[in-house]
Each structure stands twice: as structure tokens, then as C-alpha cells.
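Chains, contacts and geometry: an overview
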Amino acid sequence: PDEVMVVFTPSGRRGRVEAGISVLDAARKLGVDLNSVCGGRGICSKCLIAPTIGQFAKHGMTSGPDALSDLNEVEQRYDRIRGLPDGRRLGCQARLLADAVIDVPPGSQLHRQVVRKSAAERVMEMDPAVRSYLVEVCQPSLEDPSSDFQRLSDALAHQWGIRGLAADLAVLVRVQQVLRKGGWQVTAIIGHQDDGSARLIDLRPGFDQNALLGLAIDLGTTTIAGHLVSLDDGRVLASSGLMNPQIRYGEDLMSRVSYGMMNAGGAQEMTDSVRVGLAELVAQLSAEAGLCAEQIVDATIVCNPVMHHLLLGLDPVELGQAPFPPAISSALHLAASELQIPINPGATVYMLPLIAGHVGADAAAVVLSEQPQKSCKPVLVVDVGTNAELVLGDRTRVLACSSPTGPAFEGAQISHGQRAAPGAIERVRIDPQTKEPRFRVIGIDAWSDEPGFAKVVGPGGVTGICGSGIIEIVAEMRMAGIMDQSGLIGSPEQTGTPRCIADGRTFSYVLHDDSAQGGPVITVSQGDIRAIQLAKSAVHAGARLLMDEFGIDELDRVVLAGAFGAHISPLHALVLGMIPNCDPARVTSAGNAAGTGARMALCSRAARREIEAQVQRITRIETAIAPLFQQHFVAANAIPHATDRFEKLAG
Ligand code: FES
């Protein structure tokens, strides 16, 4: 036949194509998503397809065993060297001879959805900005002595339809050598920009099979968290975090802004120190994954406006005073080398857009991750850190604000607080009768009173309490009657436990005593409780302010997120009064939502477009100048809080 009918599954796309055409070409003609890195040279195996044989009533056709041509030389060679998986063929080599049904397995789809086990079984859309292409470049000759870069650009345009190629000097210096080393066959790593232009990020001789890696960073005031991600399937290959080295210039944002104002060169010092922190994070992540940092070809960063300005070397002073205008708020594509991030020298860094001077890209990333704009009923999303990002919205509108909680939830300003890392207490339960605590420590899969616990604590022992542990312990102390509604810790007589010890003029609760083994005594002091009260009141007041603005006084659903490791326990957040009342069954925990948003933007260009459009529609609320914020803040100081009735919680 001159023409054959082909149906591609799972997309269901179908059409008549000329007989003898390759499956890859047929897929391209019909707009089917079939991958290819080598451009049909039988090298990359990204185009693997599965012919399906049988009668297909649904498609009104039969697909026979002879629908595809036999293995040609290229496919036979591939099969000999690397082995064709059972029932699979190379789509670029197999030709359509008769009507056929062809399945494109997930691994061969260019844009695909990948369901992840972590981050609440999230579906990750794969459509990264950076891809690799095998390309054959014409050799220079007396007839065509045009530049190497020109011939490379022409080859990419001709073989892949890639136009408007540009490159930084860091890559340009290697073009001549790599082209010759690869015998004029090279793998070009290309970053696609939204305006249709392309950037040459790296050039490698021959067909390069090294995985392309991306880096997603949540740059917080206190903690910097990063994920190393495969740009092929969105898998997280390593995750790591460290304290933001800027802490020595001030624990919260405003003290850093004033450090910049009071000290000549202070802002530059802070810029340098955060860049050093990022470099350290890259080193940690590559070591953990056992991969080379040069393989990282794309990066995304989410952060609040002050961190954004300090990282870029922009003056943050205006962010400290009304009307808080940022120097720039739109999304940015910057060269990694400009920010001194030691990844591939040609790599680009995508900075998510800021929402406003007080509401950052971290809030934008939370919106991207939690999608409140798609909810029928208003949902409150709270991302807790040194600043809490709060978003309240539904299909009609989305409001966002940022509330200065201080670093207590991240373990700073707490006597035995620490970053979420092995050795940190992350879960706590206190028996209301005996007032005895039990707890879980990061890295140990047992509760402290279980037999397996002691053996595995190891020489480092229990080192402190991280953010989620602090939320739980304060709520547990309240529920066990160790402290009252005002947050005052009782004496041993009042509470009936010797774990309450005098500590100056107040009392502390001993959570863990390792002194017999030469380890620390981990206590929760009255000062710690006060710091947590201030932090949780700030979150609560921010939520209230958004609810006032939205015109609701009941929350239907709340999503809790935080960068500090373990998920926040919804019940404990409610007992603490961190959020306004809500049915506990309607409060869920989402891990690090800002970090997830950063990963989504790393894996998908569509996600970048979506958040850039979405930030235009978000209404920002400035907590700093809202008089009601103070009122809500004061009312939220009690534990749980003094503003609502608690029947939902009691039930
Ligand atoms: Fe690369 Fe088929 S497209 S092997």
C-alpha cells in the first residue's frame, strides 16, 4: 500500500502516513510525543517503541506481526552491542509497512508525567528547559570556510530545528577542540528560552550518555536546602541542606538589611557569604550522589525578596521601608558563573519571580506546588520558616502575605534547637499521666523507648531539636499540663514531675538527659516557649489577616509546609494555635512546598510559564503596615490562642 494507518497509544493520535516511513518520522508528523537525542542514528535508544499486535475494535483495525520492517543493520548492531529490550524496537529504524498500533512507553515520551513517591505522590511534569542533541557538523573546507560556531548553529538548525543559537565565552572557548575531538559528531547541551532562542550550555565530543542534572534550591533566611534532580525523569538523586552563612550578620531579614545599611560593604559581605554557602551545598550534593558538579546544567532558585536581593548583589534597603519596592521582581535567567555557583560553567540559573517586596519567590513556588487557584473552596497554604509564606485562595482569587516568624521554627534561638539533620529530635510524645517523654530522632527508625533505639544512637548521640520537633514538644507540653495556656512552665510541685527543673526564676522541662554518657542534657526553657509563641502568633496573625481580606472566618482546608525536614503534624500545629481553627481532618502536611515548587520549575518549562502568569494575578497583603496584624498577633499569643472557640479541636 502507498499509505498505512497508524495509531499511537497511549495518546490515541492516529493518521495515514506513507508506507515505509520510520515510526519516529510518523510520530513527528502526527505530533506524537516520541523522544530522540541522536536524531535517528540508532545510538541513543530514547525512541524505543512497542508494536502491539492484535485486533483493535476501538481503533477499527488489525495490527499484524509484519506491520514493521525487519531489523536493519543499525538496529541489529544496537541489539548486538546493547540489547533491544523484549518486544521493543528502535522507532527511528523500524519502518511502517502495514496498518499498525504502536505504543510509546513512558521512558520514550519527551513530555511526560512522572509520579514521585515523595512529596505526597506528586505528579512531576517533565519538560525541562535543557536537553541534549547529537549533531553532525560539516567540516570546514575551502568552499565553506565559515566559523566552527556557524557550522554548528547551521547543523542544529537543519537537523533539529534549533534556531537563534547563542553561547557564553566559557563554552565558546571549547567549541573548536570538541568538534575535532568528536570527529565532527558532538552532543550539544541546549538550553531553550521562552522566546524561542537557544543557548549552547555545553558541547561534548561524540554521543555523550552522561545524565543531565539540575539543581533546585530553596534559599531560606536560616536554612538553604537543595535537591539534585535528574532532568531525564525528575528523580531526586540527592538532597542536602546547610545553615545560611549569613546568619552571622543577623538572624532575621530586617537585621540583615540594617547590617547592610550600617556597615560600608556589608551588603557585599552578605552576598559573598551566601554564594559561598551555595558552593558548599553544590559540593555536598555532588558528593552525596557521587556525581560531578559539571553535569549540573540547569538550576532554579526560590527565595524571599531580601535573600533574592542579597544573592544577586542588589541593594535590599528599599525592601525595609514602605512601600517596599523590589529592584526587580520578574523571573530571571542568569548565568551560573555570574552568581559564582560552581556547576557547569555554561549553565543558567532560573530565579522564580517575586510576588512583591515582602512576598517572595518562595511564596510563588508554594503556589506552583499547591495550586490554590484550582481549588473550589478557599484553601490556606502555610510554608513555615524564618518567614512564613501564607497563601489563601480559590478559583476566584489568591491572596499572599509573608509574616516574620523569626528563626525559632528552624531551631535557631532555641536553647537546644538545631537544623533538621541526623541527631535532631523530630517527633515528641509526652504521657499526660507520667509526664514522661518519648521521641524520635532523624536517622533512627525507632522511638526512644523502643529497644532498637539506644544501640543506633551512636557516638554523636541525640544532638538537639529541629523545627517539627519544637512544634510537637510545645503542643505536647500543653496537652500534658506541663505548661498553662499563657505558656508558663509549671514547677515540679505544680506539674508532679521532676523533669521540670528550676532555671533561674523560671522552669525548664528536661526532654533528654545524656549526661551519664557525657552527652548533652536537652531541655526546653521558658525562653524557648516564648520564642515559639512569638513565631506561631506571627503565622496565626498572617492567616487571620488573609481571612479578613478574603471575607471568611472559617477555614475549609489548610496545607502545612516547611523547609525543616519532617512534615509538620497537623494536630500539633492546631494545638499550638499556629493556624486558626479548622477540622483536623482537613489539615494536611506537604513537606517543603517551596522546594517542591523549585523542582517543578526545574523539570518543566510549562511550570515556569504558569507561575510567571500566576504571580500577576496574586493579590499581596503587606503584614508590616496592616494595623489589624498587631491585634491578631496579640490575640494569638495564648496556647492554642484566644481568638476562636476550640470545639473542633476538642472533637
Ligand atoms: Fe536515537 Fe532512535 S532516535 S536511537
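What you are looking at is a predicted structure, and each value in this text was computed from that prediction instead of being measured.

**Focus: the overall build of the protein chain**
Each helix and strand in the protein chain was counted, giving 18 helices and 31 strands. Scaling as 2.2 N^0.38, a compact globule of 651 residues should have a C-alpha radius of gyration of about 26 Å, and the protein chain matches this with 28 Å. The C-alpha extent of the protein chain, read off along each of the three principal axes, is 95 × 65 × 55 Å. Of the roughly 26,200 Å² of accessible surface on the protein chain, 52% is carried by carbon and sulfur atoms. Positive and negative side-chain charges in the protein chain, numbering 57 and 71 respectively, have mean positions lying 4 Å apart.

**A short note on the sheet that holds strand β24 (residues 437-441)**
Spatial ordering of the open sheet is given by β24-β23-β25, a layout of 3 strands whose pairing is mixed. Either end of the sheet is taken by a strand with one partner, and the two such strands are β24 and β25 (464-465). Summarising the sheet, strand β23 (residues 424-430) and β24 pair through 5 bridges and their orientation is antiparallel. Bridging across to β24, V428 finds its partner in F439. Against the sheet, helix α11 (residues 467-479) contacts β23 and β25, and its axis sits at roughly 20° relative to β23.

**Some points on the domain arrangement of the protein chain**
Assigned domains of the protein chain: these are domain 1 (3-108), domain 2 (129-205), domain 3 (361-406 + 531-640) and domain 4 (416-524). Just the C-alpha atoms count here: the centres of domain 3 and domain 4 sit 28 Å apart. Taken residue by residue, the interface counts 16 residues in domain 3 and 20 residues in domain 4. Of the roughly 1,400 Å² buried between domain 3 and domain 4, counting both surfaces, carbon and sulfur atoms make up 73%. The tally of links between domain 3 and domain 4 comes to 0 salt bridges. Linking domain 3 with domain 4 are 4 residue pairs in polar contact (both at pLDDT 80 or more). The element best represented in the side of domain 3 that touches domain 4 is helix α14 (residues 570-576), accounting for 4 residues.

**Thoughts on the packing of helix α7 (residues 266-289) against helix α8 (residues 305-312)**
In the contact formed by α7 and α8, the axes pass within 7 Å of each other and the chain directions differ by 90°. By the angle between their directions, the pair α7 and α8 is classed as roughly perpendicular. Of the residues in α8, those touching α7 at A267, M270, T271, V274, R275 and L278 are M307, L310, L311 and L312. For the contact of α7 with α8, the residue count by class is 8 nonpolar, 1 polar and 1 charged.

**Looking at the packing of aromatic side chains**
Throughout the structure, instances matching the rule amount to 3 aromatic pairs. Between F629 and F633, the ring centres sit 6.3 Å apart and the planes meet at 25°, which makes this aromatic pair stacked. Taken as a pair, F629 and F633 lie in helix α17 (residues 627-635) at a separation of 4 residues, close to a single helical turn. For F629, a relative accessible area of 8% translates into the label buried.

**A short note on the sheet that holds strand β27 (residues 506-513)**
Backbone-to-backbone hydrogen bonds pair the strands of a sheet. The strands run either parallel or antiparallel. With antiparallel pairing, 3 strands are arranged side by side in an open sheet as β26-β27-β28. Strands with a single pairing partner mark the edges of an open sheet, and in this sheet they are β26 (500-503) and β28 (521-524). Averaged over all neighbouring strand pairs, the angle between strand axes comes to 45°, with direction disregarded. Bridge count for β26 against β27 is 4 bridges, and the pairing is antiparallel. From the neighbouring strand, A502 faces β27, where its bridge partner is F507. Packed onto the sheet, helix α13 (residues 526-550) meets β27 and β28 and runs at close to 50° relative to β28.

**Topic: the confidence of the model for the protein chain**
This prediction gives the protein chain a mean pLDDT of 89; 95% of its residues lie at or above 70. Within the protein chain, the lowest mean pLDDT, 42, falls on helix α18 (residues 647-650), and the highest, 97, falls on strand β17 (residues 296-303). This model gives residues 116-121 a pLDDT under 50, and the stretch forms 11 contacts once residues within four places in sequence are excluded. Across residues 645-651, confidence stays below pLDDT 50; counting only partners more than four residues off in sequence or on other chains, it has 13 contacts.

**Describing the pattern of salt bridges**
The full count for this structure, using the stated rule, is 19 salt bridges. The salt bridge involving D232 is made with K46; its shortest N-O contact spans 3.8 Å. Linking D232 in the loop between β15 (223-230) and β16 (236-243) with K46 in the loop between α1 (23-29) and β3 (48-52), this pair joins segments that are 186 residues apart in sequence. Classification of D232 by relative accessible area gives partly exposed; the value is 37%. Put simply, R608 and D298 hold a salt bridge, and the shortest N to O gap is 3.1 Å. With a gap of 310 residues between them, R608 in helix α16 (residues 605-617) and D298 in strand β17 connect regions that are remote in the sequence. Residue classification places D298 among the buried residues on the basis of a relative accessible area of 2%. When salt bridges with common partners are traced through the structure, they connect R174, D202, R204 and D208 into a single cluster.

**A few points about the side chain of D528**
Within the element layout of this structure, D528 appears in helix α13. Buried charge D528 goes without a salt bridge, the closest partner of opposite sign being R530 at 11 Å. Here S525 takes part through its backbone nitrogen, which lies 2.9 Å from a polar atom of the side chain of D528.

**Points about unusual backbone geometry**
In this chain, T9 is followed by P10 through a cis amide linkage whose omega measures 0°. Mapped onto the secondary structure, P10 falls in the loop between β1 (3-9) and β2 (14-18). In this model, I639 is joined to P640 through a cis peptide bond whose omega is 0°. Tracing the sequence through the fold places P640 in the loop between α17 and α18. For W184, which is not glycine, the phi torsion reads 70° and is therefore positive. In this structure W184 comes out as buried when scored by relative accessible area, which is 10%. Look at Q371: it is not a glycine, yet its phi comes out positive at around 50°.

**Structural notes on the side chain of K536**
The residue K536 is located in helix α13 in this model. For K536, a relative accessible area of 0% gives the class buried. Side-chain polar atoms of K536 contact the backbone oxygen of A638, separated by 2.4 Å.

Rules used throughout
- Every chain is numbered on its own, with residues counted from 1 as its sequence reads.
- In keeping with the predicted nature of the model, local features appear solely for residues at pLDDT of at least 70, side-chain atom pairs appear and are counted solely at 80 or more, and the whole-chain, interface and lining totals rest on all residues.
- Excluded from the side-chain calculations are hydrogens and water; all other atoms, namely the structure's heavy atoms, are used.
- Helical segments are the DSSP runs of H or I of at least four residues, strand segments are the runs of E of at least two, and each set is numbered from the N terminus.
- Radius of gyration here uses only the C-alpha atoms, and the compact-globule reference equals 2.2 Å multiplied by the residue count raised to the power 0.38.
- For the area figures, the Shrake-Rupley method with a 1.4 Å probe applies, and any residue is considered shielded solely by the protein chains shown.
- Positive charge is attributed to Lys and Arg, negative charge to Asp and Glu, and no charge count is given to His or to the chain ends.
- One atom stands in for each charge, and that atom is NZ of Lys, CZ of Arg, CG of Asp or CD of Glu.
- If DSSP finds at least two bridges between two strands, the strands pair.
- Between two residues, a contact is recorded if the distance between any of their heavy atoms is within 4.5 Å.
- Only C-alpha atoms enter the line fits that serve as axes; for helices the fit covers just the stretch in contact. Angles between N-to-C directions range over 0 to 180 degrees.
- Those domain boundaries reflect an automatic or database domain assignment.
- A quick way to say it: buried area is the sum, across both parts, of accessible area lost when two parts are put together, with a 1.4 Å probe.
- What makes a salt bridge here is a side-chain nitrogen of Lys or Arg within 4 Å of a carboxyl oxygen of Asp or Glu, nothing more.
- Each polar contact in these results corresponds to two N or O atoms within 3.5 Å; when the atoms are within protein, one needs to be able to donate a hydrogen and the other to accept it, and residues that are neighboring in sequence are counted only if both atoms are side-chain atoms.
- To sort the angles, those under 35 degrees are grouped as roughly parallel, those over 145 as roughly antiparallel, those from 65 to 115 as roughly perpendicular, and the leftovers as oblique.
- Side-chain classes follow a simple rule in which Ala, Val, Leu, Ile, Met, Phe, Trp, Tyr, Cys and Pro form the nonpolar group, Asp, Glu, Lys and Arg form the charged group, and the remainder, Gly included, forms the polar group.
- Aromatic pairs are defined between Phe, Tyr and Trp rings, using the six-membered ring for Trp, whenever the two ring centres lie within 6.5 Å; interplanar angles under 30 degrees are classed as stacked, those over 60 as edge-to-face, and all others as tilted.
- Partly exposed residues are those whose accessible area sits between 20% and 50% of the maximum for their type, while under 20% is buried and over 50% is exposed, using a 1.4 Å probe and protein chains only.
- Confidence of the predictor at the level of single residues is captured by pLDDT, which takes values from 0 to 100.

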